[in-house]
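A structural walkthrough
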Amino acid sequence: TSNRMWGGRFAEGPDAIMEAINASIGFDQRLAAQDITGSRAHAAMLAACGIISDSDAQAIREGLLTVLSEIEAGRFSFSTALEDIHMNVEARLKELIGEPAGRLHTARSRNDQVATDFRLWVRDQCDAAITGLEALQRALVAQAEAGADWVMPGFTHLQTAQPVTWGHHMMAYVEMFGRDAARMRDARARMNESPLGAAALAGTSFPIDREMTAQALGFDRPMANSLDAVSDRDFALEFLSSATICAMHLSRLAEELVIWSSAQFRFVALSDRFSTGSSIMPQKKNPDAAELIRAKVGRILGAQVGLTMVMKGLPLAYSKDMQEDKEQVFDAADSLMLALAAMTGMVSDMTANRTALEAAAGSGFSTATDLADWLVRALGLPFREAHHVTGALVRMAETQGCDLHELELGQMQSVHSGITADVYDVLGVHNSVASRISYGGTAPVRVREQVARWKGLLG
Ligand code: ARG
């Protein structure tokens, strides 16, 4: 039997293997809503431009809504023989309304159709990512506000560096996720042009109005070059690269939660709702959600690399290779949204262990820099000499197995005779963080300013 879709040219139908490699309906049915929205806008435009009759457009537009409701209700039977979502929808429309259905595809190709559908879908994902990021930021800001003046160790090389505040650490992620949201906004703004009306590749001789469909679909304008419109997928790649960076940030926070929730750190307790147990070890409470979030960046970057490789070296305009754009983007978007939701849940639910944070903040000679700074300020030592004196005091404390504030004044003076009892003021972790009031610093007063700023921005 001849092909149902383009029987005119073909005497025989496709081989089963041809059908299997060619069909995309198994996954592109996720574009159904976008496909129908795009087709409805196209039909209205065709009628407004006098290319089809108003009554045909009316029948098409209503019929398409019926098709959508069938799909949404799960009452639609997708056919592999009809290849993709575009042909499945049109074939069903034909069954429903008859002859006018055949007029919908005037001045259009599946090439501009799929480019339009996919742009609309990715645009929605940018919006969803922004919403998800803002929810996560709110959860982090709430943690920061509650613990704006709680002290904890700040690390470099995962070695104790200087005391910081819990609020400051939480707000660092708020900044990162803020840039991730901004990247999504940028990508969205750049992709928001309409490919519809580019037709197969060269435009069309029908008197279409591309401004009208662009506007109906919420695009800022039609794309200026029909070849470009049907042959690029940079908009999806931009979404994927923004998603990759975001997933990398999520991965770092996830890693911290894994470390912090361990018995060795005890900085945070994760809620039961976001933890799992062990089938053999009764005591276990595992941070599985954090681990899975930590892993997601792998598949999201994988999608970015995969689609880049699909697009690399493709001659203009459309090639069927480009059908391979969708699954990876779908998977990456699903992974990102789930990771954002899980991280938001974990951060909202987690309890910081203020006592453990404070105990850890003072260990590891974390106020050694404060001591060196004091030697500069109080005694007028050059910083390099102060660094050396402090190093000698740290070595002395280490040998004695005590902290810096536990050294006696006489012992300190044996290293530098000018040291006075005032020095003990700067050796406390609370004084240490309170003193770091430079813009962007860890002092509670600065953290509270940033909390207020972000609360204003996030509404
Ligand atoms: N299913 C196709 C895709 O996803 C639609 C475009 C088909 N165009 C074509 N010239 N065969 O890319």
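Rules behind the numbers
Residues numbered from 1 in each chain as written. Predicted model: local features only at pLDDT ≥ 70, side-chain atom pairs only at ≥ 80, totals over all residues. Heavy atoms only, no water. UniProt positions renumbered as here; feature names shortened; annotations may be inferred. Near = heavy atom within 4 Å. Polar contact = N/O pair within 3.5 Å; in protein donor to acceptor, adjacent residues only side chain to side chain. Areas by Shrake-Rupley, 256 points an atom, 1.4 Å probe, with all protein chains shown as cover. Helix = DSSP H or I, 4+ residues; strand = E, 2+ residues; numbered from the N terminus. Nonpolar A, V, L, I, M, F, W, Y, C, P; charged D, E, K, R; others polar. Pairing = 2+ DSSP bridges. Expected span 1.5 Å × (residues − 1). Buried < 20%, exposed > 50% of the residue type's maximum accessible area, 1.4 Å probe, protein only. Contact = heavy atoms within 4.5 Å. Axes fitted to C-alpha atoms, helices over the stretch in contact; angles between N-to-C directions. Parallel < 35°, antiparallel > 145°, perpendicular 65-115°, else oblique. Left-handed = near helix turned anticlockwise from the far one by under 90°.

Looking at an unreviewed UniProt entry, the protein chain carries the name Argininosuccinate lyase, with the source organism given as Halovulum dunhuangense. Database annotation for the protein chain, UniProt heading Subcellular location (unreviewed entry): "Cytoplasm". What the UniProt record of the protein chain gives under Sequence similarities (unreviewed entry) is the line "Belongs to the lyase 1 family. Argininosuccinate lyase subfamily."

On to the site of the ligand. By nearness alone, every residue bordering the ligand is listed as Ser24, Asp28, Asp84, His86, Arg110, Asn111, Val114, Tyr318, Gln323 and Lys326. A distance of 2.5 Å separates an oxygen atom of the ligand from a polar atom in the side chain of lysine 326. Against a free-state accessible area of 340 Å², the protein chains account for coverage of 87% of the ligand. Per-element tally for the shell around the ligand: the top contributor is helix α6 (residues 110–146), with three residues. Partitioning the shell around the ligand into residue classes produces two nonpolar, four polar and four charged.

Further remarks concern the pairing of strand β2 (residues 159–165). Bridge count for strand β1 (residues 151–156) against β2 is six bridges, and the pairing is antiparallel. Within β2, the residue paired with glycine 154 across the bridge is glutamine 162. In this structure, the hairpin formed by β1 and β2 is closed by a connection of two residues, where histidine 157 is found at a positive phi of approximately 60°.

A few words on helix α14 (residues 368–379). The end-to-end C-alpha distance of α14 is 16 Å, a good match for the 16 Å that 12 residues give at a rise of 1.5 Å each. Burial in α14 covers these residues: Ala368, Asp370, Leu371, Ala372, Trp374 and Leu375. Residues of α14 that are buried sit in contact with α15 (383–400), α17 (423–426) and α18 (429–435). Looking one or two places after α14, you find glycine 380, whose phi comes out positive at around 75°.

This part covers the packing of α6 against helix α7 (residues 166–191). Interaxial distance between α6 and α7 falls to 9 Å at its minimum, and their mutual angle equals 165°. Taken together, α6 and α7 sit at an angle that is classed as roughly antiparallel. Note that α6 runs across α7; the crossing there is left-handed. Here the residues of the contact of α6 with α7 are counted per class, giving 18 nonpolar, four polar and eight charged.

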